[in-house]
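Tertiary structure, described
One letter stands for each residue in the lines below.
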Amino acid sequence: MFFIKKHISSIILVTITFNVVFSQDNDKITEQKALSYYSQNQYSEALPLFSQLLSLYPKDERYNLYYAACLIETNQLVEKSIKYLQFADSKSNDPYIKYYLGRANHLLYQFKEAIECYNAFKQLANSKLVKELQIDKLIEMCNSGQDLIRHISDLTVVDNSRIKSENYFYSYDLKEFNGKLVVKPKELRSSVDKKYEPANMVVFLSNESNFIYYGSYGNTKNNERDIFRIQRLPDGKWGKPENLGSIINTLYDEDYPFLHSDGKTLYFSSKGQNSMGGYDIFKSVFDSTTNSWTKPVN
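Here's a quick rundown of the structure. A quick note: this is a predicted structure, and the numbers were derived from the prediction, not measured. (Residues numbered from 1 in each chain as written. Predicted model: local features only at pLDDT ≥ 70, side-chain atom pairs only at ≥ 80, totals over all residues. Heavy atoms only, no water.)

Some remarks on the pattern of salt bridges
What the rule picks out here adds up to 14 salt bridges. A salt bridge links Arg62 to Asp60; its shortest N-O distance comes to 3.1 Å. The class of Arg62 is partly exposed, set by a relative accessible area of 35%. Two residues, Arg229 and Glu242, come together in a salt bridge whose shortest N-O distance is 3.1 Å. In this pair, Arg229 sits in strand S4 (residues 226-231) while Glu242 sits in strand S5 (residues 242-243), placing the two residues 13 residues apart along the sequence. Looking at Arg229, the relative accessible area reads 13%, which means it is buried. When salt bridges that share partners are traced, they join Lys184, Arg189, Asp193, Glu197, Arg225 and Asp255 into one network. (Salt bridge = Lys/Arg side-chain N within 4 Å of Asp/Glu carboxyl O. Buried < 20%, exposed > 50% of the residue type's maximum accessible area, 1.4 Å probe, protein only. Helix = DSSP H or I, 4+ residues; strand = E, 2+ residues; numbered from the N terminus.)

Side note on the sheet that holds strand S8 (residues 280-287)
Here we have four strands laid out as an open sheet, ordered S6-S7-S8-S9, and antiparallel in their pairing. Strands with a single pairing partner mark the edges of an open sheet, and in this sheet they are strand S6 (254-259) and strand S9 (292-293). As paired strands, S6 and strand S7 (residues 265-270) are joined by four bridges and run antiparallel to one another. Bridge pairing in S7 links Glu254 to Ser270. (Pairing = 2+ DSSP bridges.)

A closer look at helix H8 (residues 135-148)
Because an α-helix completes one turn every 3.6 residues, residues spaced three or four positions apart along the sequence face the same direction. In this model, H8 (14 residues) spans 20 Å end to end at C-alpha, consistent with the 20 Å of a helix rising 1.5 Å per residue. Buried residues of H8: Ile135, Lys137, Leu138, Ile139, Met141, Cys142, Ser144 and Gly145, and no others. Its buried side turned inward, H8 meets helix H5 (95-107), helix H6 (111-124) and helix H7 (127-132). (Expected span 1.5 Å × (residues − 1). Contact = heavy atoms within 4.5 Å.)

None of the figures reported here should be taken as evidence of function without further support.
This is the structure in structure tokens:
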């Protein structure tokens, strides 16, 4: 009887050991998948995997960092991400922790805290990484944000919805405007655009103007995206694309132009100008007497 009990105990011990090893192997596979998605900027795919790993290993600073980074990159539960980053920060000197703390505060309009985190990142990271992540530009955006909201006593989110990127143009309400959104014609796409733009890129086509305004890389990928326009000629053909110039375009991306039905007011998105982060919306008016655009207003 003693022998049988001892034998059963051995089987139980072997089974438990096997289950632990099997579980650890599974976790390694999950980690490899998560890191692979993360390295390819596929944050939506990496997020549930890091969430799973974090539930198993809540004290692992790497999982805290990666999970929080995925939340920020997918722009969801940004405020929640801060506690995970703060925990990781207490355990590690990884400069990316400061970077994502900066990003989180930036997205939450906490510009002072964001600047402090970006500056802390600059102290920890090498100059190549600082340049690659455009930290000085992010700090400049935060300074712009501080100026823009200095006299705002209450910041209200009018609407916030999540949609699939390929269907974003369905969110536009154009009933009051004499025009429509159309898939960008191949005539408006440079060879660089054809390589880097999504296939479903759209432009606004006004029924009242002979001009189409659109975003493009132009003829070289060394440029960021600029606003161009092209004129419909009297014979129905199209003229040559015209870059709107340095009043509208900056060293950073400009895109998504929309000409108001008054025929002279241009709305567009820009990561330059005095943007407070990402694409801000700007307005400029064409002055027919000077044949130029007014300084864009955020």
